[in-house]
2 protein chains.
Amino acid sequence: LVIFLGSDKTVNPIKITETSLRDGHQSLIATRLRTEEILPILEKMDRVGYHALEVWGGATFDACLRFLNEDPWERLRKIRRKVKNTKLQMLLRGQNLLGYKHYADDVVDTFIKKSVENGIDIIRVFDALNDTRNLETSIKAIKESGAHCQCAISYTTSKVHTIEYYVKLSKKMEELGADSICIKDMAGILTPYSAYKLVKRLKEAVSVPIELHTHSTSGIASMTYLKAVEAGVDIIDTAISPFAEGTSQPATESMVVTLSEGERAPELNISLLNEISDYFKPIKEKYRESGILNPKVMDVEPNTLTYQVPGGMLSNLLSQLKGQGALDKYEEVLSEIPRVREDLGFPPLVTPLSQMVGTQAVFNVLTGERYRIVPKEIKEYVKGLYGMPPAPISDDIKQKIIGDEKVITQRPADLLEPEIGKHSKEIGDLATSMEDVLSYILFPQVAKKFFENRLNGKAENENEDSGETVHYITVTM
Amino acid sequence: LVIFLGSDKTVNPIKITETSLRDGHQSLIATRLRTEEILPILEKMDRVGYHALEVWGGATFDACLRFLNEDPWERLRKIRRKVKNTKLQMLLRGQNLLGYKHYADDVVDTFIKKSVENGIDIIRVFDALNDTRNLETSIKAIKESGAHCQCAISYTTSKVHTIEYYVKLSKKMEELGADSICIKDMAGILTPYSAYKLVKRLKEAVSVPIELHTHSTSGIASMTYLKAVEAGVDIIDTAISPFAEGTSQPATESMVVTLSEGERAPELNISLLNEISDYFKPIKEKYRESGILNPKVMDVEPNTLTYQVPGGMLSNLLSQLKGQGALDKYEEVLSEIPRVREDLGFPPLVTPLSQMVGTQAVFNVLTGERYRIVPKEIKEYVKGLYGMPPAPISDDIKQKIIGDEKVITQRPADLLEPEIGKHSKEIGDLATSMEDVLSYILFPQVAKKFFENRLNGKAENENEDSGETVHYITVTM
Ligand SMILES: [Co+2]
Ligand SMILES: [Co+2]
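Predicted, not measured: the structure shown is a model, and the values here were computed from it.

### A closer look at the overall build of chain A
Working step 1: The helix and strand tally for chain A stands at 21 helices and eight strands.
Working step 2: A globule of 477 residues ought to have a C-alpha radius of gyration of about 23 Å, and chain A, at 22 Å, matches this closely.
Working step 3: Considered along the principal axes of its C-alpha atoms, chain A spans approximately 65 × 55 × 45 Å.
Working step 4: For chain A, with 477 residues in total, the buried portion stands at 62%.
Working step 5: Just so you have it, chain A exposes about 18,000 Å², and 50% of that area is on carbon and sulfur atoms.

### A word on the relation of the copies chain A and chain B
Both copies of the chain are placed relative to one another by a rotation about an axis and a shift along it.
Working step 1: Mapping chain A onto chain B calls for a screw motion: a turn of 180° about the axis and a shift of 0.0 Å along it, with 0.0 Å RMSD after fitting. The superposition of one copy onto the other is thereby described by a two-fold rotation axis. Taking C-alpha positions as the reference, the residue of chain A nearest the rotation axis is Met-223 of chain A, at 2.5 Å.
Working step 2: Most of the interface of chain A is mirrored in chain B, where 100% of its interface residues are also at the interface.

### Looking at the coordination of the cobalt ion (ligand 1)
Working step 1: The cobalt ion (ligand 1) binds to the protein through Asp-23 of chain A (OD), His-213 of chain A (NE2) and His-215 of chain A (NE2), with metal-donor distances spanning 2.0 to 2.1 Å.
Working step 2: Positions of the donor residues of the cobalt ion (ligand 1) along the chain correspond to the pattern D-x189-H-x1-H.

### Topic: the environment of Ser-216 of chain B
Working step 1: With respect to the element layout, Ser-216 of chain B can be found in the loop between strand E7 (210-213) and helix H9 (221-230).
Working step 2: The class for Ser-216 of chain B is buried, based on a relative accessible area of 5%.

### Notes on the domain arrangement of chain A
Residue and element names in this part refer to chain A.
Working step 1: According to the domain assignment, chain A consists of domain 1 (15-289) and domain 2 (307-409).
Working step 2: Taken together, the contact between domain 1 and domain 2 spans 17 residues of the former and 18 residues of the latter.
Working step 3: Considering only the surface of domain 1 that becomes buried against domain 2, Ala-128, Leu-129 and Arg-133 emerge as the three largest contributors, covering 37% of it.
Working step 4: Among the salt bridges present, the one from Lys-159 reaches Glu-342, with a minimum N-O distance of 3.1 Å.
Working step 5: Scanning the region where domain 1 abuts domain 2 turns up seven residue pairs in polar contact (both at pLDDT 80 or more).
Working step 6: A per-class count over the side of domain 1 that touches domain 2 returns six nonpolar, eight polar and three charged.

### Structural notes on the sheet that holds strand E4 (residues 122-126) of chain B
Residue and element names in this part refer to chain B.
Working step 1: One closed barrel accounts for eight strands, arranged E1-E2-E3-E4-E5-E6-E7-E8; its pairing is parallel. Here the strands of the sheet are splayed against their neighbours by 30° on average, with no regard to which way each runs.
Working step 2: Set on the sheet, helix H4 (residues 72-82) makes contact with strand E2 (52-57) and strand E3 (87-92); between it and E2 the angle comes to about 165°.

### Some remarks on the packing of aromatic side chains
Working step 1: What the rule picks out here adds up to 26 aromatic pairs over all chains.
Working step 2: Taken together, the ring pairs in this structure connect Trp-56, Phe-61, Trp-73, Phe-111 and Phe-443 of chain A into an aromatic cluster.
Working step 3: Above the plane of the ring of Phe-67 of chain A lies Arg-32 of chain A, whose end atom (NZ or CZ) is 3.7 Å from the centre.
Working step 4: A cation over an aromatic ring shows up here: Lys-184 of chain B above the ring of Phe-126 of chain B, its NZ or CZ 5.0 Å from the ring centre.

### Regarding the interface of chain A and chain B
Working step 1: At the interface, 45 residues of chain A touch 45 residues of chain B.
Working step 2: Taken together, the connections running from chain A to chain B amount to 10 salt bridges.
Working step 3: A salt bridge links Glu-230 of chain A to Lys-227 of chain B; the shortest N-O distance between them is 2.7 Å.
Working step 4: The interface formed by chain A and chain B contains 17 residue pairs in polar contact (both at pLDDT 80 or more).
Working step 5: Of all the secondary-structure elements, those providing two or more residues to the side of chain A that touches chain B are helix H9 (192-205), helix H10 (221-230), helix H11 (252-260), helix H12 (270-289) and helix H13 (303-306) of chain A.
Working step 6: Here the side of chain A that touches chain B gets seven residues from one element, more than from any other, and that element is H12 of chain A.
Working step 7: Grouping the constituent residues of the side of chain A that touches chain B by class yields 18 nonpolar, 14 polar and 13 charged.

### Brief notes about the packing of helix H18 (residues 420-427) of chain B against helix H19 (residues 434-442) of chain B
Each pair of packed helices gets described by two things: the angle between the helix axes and the distance between those axes.
Residues and elements named next belong to chain B.
Working step 1: Relative orientation of the contacting elements H18 and H19 amounts to 100°, with a least axis distance of 10 Å. With respect to H19, the element H18 is oriented roughly perpendicular. Contact residues: H18 offers Ile-420, His-423, Ser-424, Glu-426 and Ile-427, while H19 offers Met-434, Val-437, Tyr-440 and Ile-441.
Working step 2: Of the residues assigned to the contact of H18 with H19, the class counts are six nonpolar, two polar and one charged.

### Let's talk about H19 of chain B
Working step 1: Along H19 of chain B, eight of the nine residues are buried, which leaves the element largely enclosed by surrounding structure.
Working step 2: Buried within H19 of chain B are the following residues: Glu-435, Asp-436, Val-437, Leu-438, Ser-439, Tyr-440, Ile-441 and Leu-442 of chain B.

### Some details on the environment of Glu-54 of chain B
Residue and element names in this part refer to chain B.
Working step 1: Within the fold, Glu-54 resides in strand E2.
Working step 2: It is 19 Å that separates the C-alpha atoms of Glu-54 and Tyr-155, two residues lying 101 residues apart in sequence.
Working step 3: Beyond its immediate sequence surroundings of up to four residues, Glu-54 is in contact with Thr-17, Glu-18, Thr-19, Leu-21, Arg-22, Asp-23, Gln-89, Leu-91 and Arg-124.
Working step 4: Side-chain polar atoms of Glu-54 contact the side chain of Arg-22, separated by 3.2 Å.

### Considering the nonpolar core
Working step 1: Residues Tyr-50, Phe-111 and Phe-280 of chain A together with Tyr-50, Phe-111 and Phe-280 of chain B are the most contacted members of the largest nonpolar core, which totals 212 residues.
Working step 2: Here Phe-280 of chain A is in contact with Leu-21, Leu-33, Glu-37, Ile-41, Met-45, Ile-240, Pro-242 and Phe-243 of chain A, once residues within four sequence places are set aside.

### Looking at the side chain of His-423 of chain A
Residue and element names in this part refer to chain A.
Working step 1: Locating His-423 in the fold gives a position in helix H19 (residues 420-427).
Working step 2: For His-423, a relative accessible area of 13% translates into the label buried.
Working step 3: If we skip the residues at most four places from it in the chain, His-423 touches Tyr-440 and Ile-441.

### Examining the sheet that holds strand E6 (residues 180-184) of chain A
Residues and elements named next belong to chain A.
Working step 1: In space, the eight strands of this closed barrel follow the order E1-E2-E3-E4-E5-E6-E7-E8, with parallel pairing throughout. Across this sheet, the average inter-strand angle for adjacent strands is 30°, counted without regard to direction.
Working step 2: Pairing analysis gives four bridges linking strand E1 (residues 15-18) to strand E8 (residues 235-238), with the strands arranged parallel. Within E8, the position partnered with Lys-15 by the bridge is Ile-235.
Working step 3: In the packing of helix H1 (residues 20-28) onto the sheet, the strands contacted are E1, strand E2 (52-57), strand E3 (87-92), strand E7 (210-213) and E8, and the crossing angle to E2 comes to about 60°.
Working step 4: Each of strand E5 (148-154), E6 and E7 touches H9; the most contacted strand, E6, lies at about 165° to it.

### So, the state of the cysteines
Residue and element names in this part refer to chain B.
Working step 1: In the structure shown here, the tally under the stated rule is zero disulfides over all chains.
Working step 2: Lacking any disulfide linkage, Cys-149 is separated from the closest cysteine sulfur, that of Cys-151, by 4.1 Å.
Working step 3: Its relative accessible area of 0% is what places Cys-149 among the buried residues.

### Here's the deal with the pattern of salt bridges
Should their charged atoms come close, side chains of opposite charge can pair.
Working step 1: The tally for this structure, following the rule as stated, stands at 74 salt bridges over all chains.
Working step 2: In this structure, Arg-124 of chain A and Glu-211 of chain A form a salt bridge, with 3.0 Å as the shortest nitrogen-oxygen distance. Placement of the pair is Arg-124 of chain A in strand E4 (residues 122-126) and Glu-211 of chain A in strand E7, with a sequence separation of 87 residues.
Working step 3: One salt bridge in this structure joins Lys-281 of chain A and Glu-301 of chain B, with 3.3 Å as the shortest N-O distance. With Lys-281 of chain A in helix H12 and Glu-301 of chain B in the loop between helix H11 (270-289) and helix H12 (303-306), the pair connects residues from two separate chains.
Working step 4: You can call Lys-281 of chain A partly exposed: its relative accessible area is 25%.
Working step 5: Where salt bridges share partners, they join Lys-284, Glu-285 and Arg-288 of chain A together with Lys-296 and Asp-299 of chain B into one cluster.

### Regarding a nonpolar patch on the surface
Residues and elements named next belong to chain A.
Working step 1: Together, Leu-385, Leu-415 and Leu-416 make up a nonpolar patch on the protein surface, roughly 210 Å² of accessible area in all.
Working step 2: Position of Leu-415 among the secondary structure elements: in the loop between helix H18 (395-402) and H19.
Working step 3: Under the relative-accessibility criterion, Leu-415 is labelled partly exposed at 41%.

### A word on unusual backbone geometry
Comment: phi is negative for the bulk of residues other than glycine, and the bulk of peptide bonds are trans.
Working step 1: Note that the residue after Thr-351 of chain A, namely Pro-352 of chain A, is joined by a cis bond; omega there is 0°.
Working step 2: Despite not being glycine, Asn-12 of chain A shows a phi value in the positive range, around 55°.

Reading the values: the criteria
Residues numbered from 1 in each chain as written. Chains lettered and ligands numbered in written order. Predicted model: local features only at pLDDT ≥ 70, side-chain atom pairs only at ≥ 80, totals over all residues. Heavy atoms only, no water. Helix = DSSP H or I, 4+ residues; strand = E, 2+ residues; numbered from the N terminus. Rg over C-alpha atoms; globule rule 2.2 N^0.38 Å. Buried < 20%, exposed > 50% of the residue type's maximum accessible area, 1.4 Å probe, protein only. Areas by Shrake-Rupley, 256 points an atom, 1.4 Å probe, with all protein chains shown as cover. Least-squares fit on C-alpha atoms with pLDDT ≥ 70 in both. Contact = heavy atoms within 4.5 Å. Donors = N, O, S within 2.8 Å, 3.2 Å for Na, K, Ca; no water. Domains from an automatic or database assignment. Buried area = accessible area lost by both parts, 1.4 Å probe. Salt bridge = Lys/Arg side-chain N within 4 Å of Asp/Glu carboxyl O. Polar contact = N/O pair within 3.5 Å; in protein donor to acceptor, adjacent residues only side chain to side chain. Nonpolar A, V, L, I, M, F, W, Y, C, P; charged D, E, K, R; others polar. Pairing = 2+ DSSP bridges. Axes fitted to C-alpha atoms, helices over the stretch in contact; angles between N-to-C directions. Phe/Tyr/Trp six-rings, centres within 6.5 Å; stacked < 30°, edge-to-face > 60°. Lys NZ or Arg CZ within 6 Å of the ring centre and 35° of its normal. Parallel < 35°, antiparallel > 145°, perpendicular 65-115°, else oblique. Core = buried A, V, L, I, M, F, W, Y, C linked by side-chain atoms within 4.5 Å. Disulfide = S-S within 2.5 Å. Patch = residues over 30% accessible without salt bridge, like charges linked within 9 Å, V, L, I, M, F, W, Y side chains within 5 Å.

Here it is in structure tokens:
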């Protein structure tokens, strides 16, 4: 094995974004890496030659406050101080920011500007429905802040999600100001040859760089990266091996060694990668022993591909049905899911839409009558409060779900009044900065508890891990 | 995602050998699958459309007798009875059969004929050193038995292991009668673009089908398969998902779905694959709960690629050095390994050679003088008793290791007298068939104990798992 490390002759070397400090630990150990575990290795990571380090956003913000008794803003500032050369990246859910509902524009604008002020260079922003209206405020704020604006496509498959659909979406994102575009495949369903075709077309259609983000869940991710690189993708997302594979990304070292023998050898320091891997191995062991690393996340789950329903949805379904003593309805619910999805205009099956579609399918089967019971979230979705569905919803389905209620046609956040002033007053002196106010707006209860602990001199990391999880579906009938 | 299942238009569909019943459980759960866990799913597996099911040989024979109180021959017969359409395949270590030393020709000949008589269709035979003289007796017996003779290359990397080396070796194998050739990459070090080049050249050089066998250990295996398929490989080895990935093979379903979108769509029944996966999932869970599935086998270990030393060797080394209180010598031993390997003519780092090279490297570093202490096995290796090293050993190294002792030039098994008669007498009435005699010759103590249990009416599966492991290196100084 001869390892060619990006020689002078390499044209267009593939770039690598390292995800271990965000998606890697979010996927494998429920976002539990502590700042003190992150800081000691950052100077080495800074010297590898990564395109970027994904270190913030996603579930990290919530996890810091909820489980680690850490201030997420302070984490970001500490990371920034150690990382002098490499770009820091965060993941943002568009108008949802890092929470689970739409926030008013003043919150979105301020949150983004504060993120950049505290150290972020690249903001990857996406909307679960790919409704670009839900990205507009974010894009504007990112551009004003001077950061790199990466717009991400929520990748999914359906009869409306054709290559043409993604070409049109990418062009729209470029028009809106995207500095790069990411194909974001949360479920790990983008197959290698589909990735090849998609990337080829997107490279022809837009002039900004294309990045690919996928997950190893279904056992195809490394092949998908390989074919995407062959098709000309500019950047791929990988995780250092102890936080790689399973439900996380392919391993950085494996992709770097593989691609080093190709025509677009990456310019990364492999010996530093070994040192970084050695650093994280005992940390992974610690989380394995404590049970936070569930060994099942390392299993390969190709049923995501064969059933065309995300793996996480399948296990959720099983436990929902088990809870109802209706395990025998599993196959029936499984075939109801694509029908509900079609009724609802083919939303990508990502959080929270996957849970919503799954729950509706369960109700449709268990009640024996489709849409007799509809969760509040589905009603709001049909009313347009999440944004525009990828395909129109038929009048018949609308009638069944919301009767004669109106569907909004404007941008959902246009309905929201400014929120900062009100919440700032509400939290009062417990918040000591605008960053605190933003934490409070996103996660009122956990942020408040964190502020109180801070005031009472309770040290960081003393927080008991409550095991509390976030529920997205309130089943009101 | 549209799944094309091998249409009439597909030219040269890729074939799939399913490894879960041999390599899959050998790699992930220490070869502990019981016959009673295998039998209920065989009829479904028989209908999938696999090229072959690898079900026997490798460590399964030893494990049946040693840990499961099962007769390996009886397992084979039971499997054969359920699998009426698909070919059954076994793995054989050439003149070592399924044991760890060279056996006389009468044993090799009889063992192979009995394997075929009991149900085997395809025998994959290899020699750790790629010395084809160690395959000659096996090939002759396989041909005489009417089975398919697949010769496997022990894949490794070194300055002598060039593509030309493998071309020459493959041609030699074809000349000797190979019906197909397997590139057998036990360590998972065959990189995707190297696989592409190697397969391309072998397809030009020989006319028999080429199969590829690798392991997911280092996180590149699925990519290696993909590039090999693009280069024209005929068959790849995969494992159904619950026994896939980690130190096992890529998942069957993941490869089938991926390749179904390419030009060589496999002709397999995906819905049966789902059912087979569902069958094995709770079995995997059982072994996970009992601790036999060590969660670490599912981790991706790319250091095999970056250090160019197999992952298993690295962990062995660490524990050897820890035992000696010499962990600080790790880096030194790590750089001694390639030197020892070069001194010894670049043996592939596979069992037992990897353990031998590793131990010698440890001795060389800990004693402060290279080759002051040499294990008996290394001496025998240098004397030619394992076969011919891939590259010549220098006179200087020979002198240091065996002094003026002679190096044999003939086929090692030429030195061995027929063994069946003697051992048959030795075991006497405890053996009730020639199959028993063969079991006794390969694993005298465990086979004898098994026969005694059988005589005393101790039922199958009552054997206590002793946790006993096989040791290859006897350190006599
Ligand atoms: Co992700
Ligand atoms: Co193997």
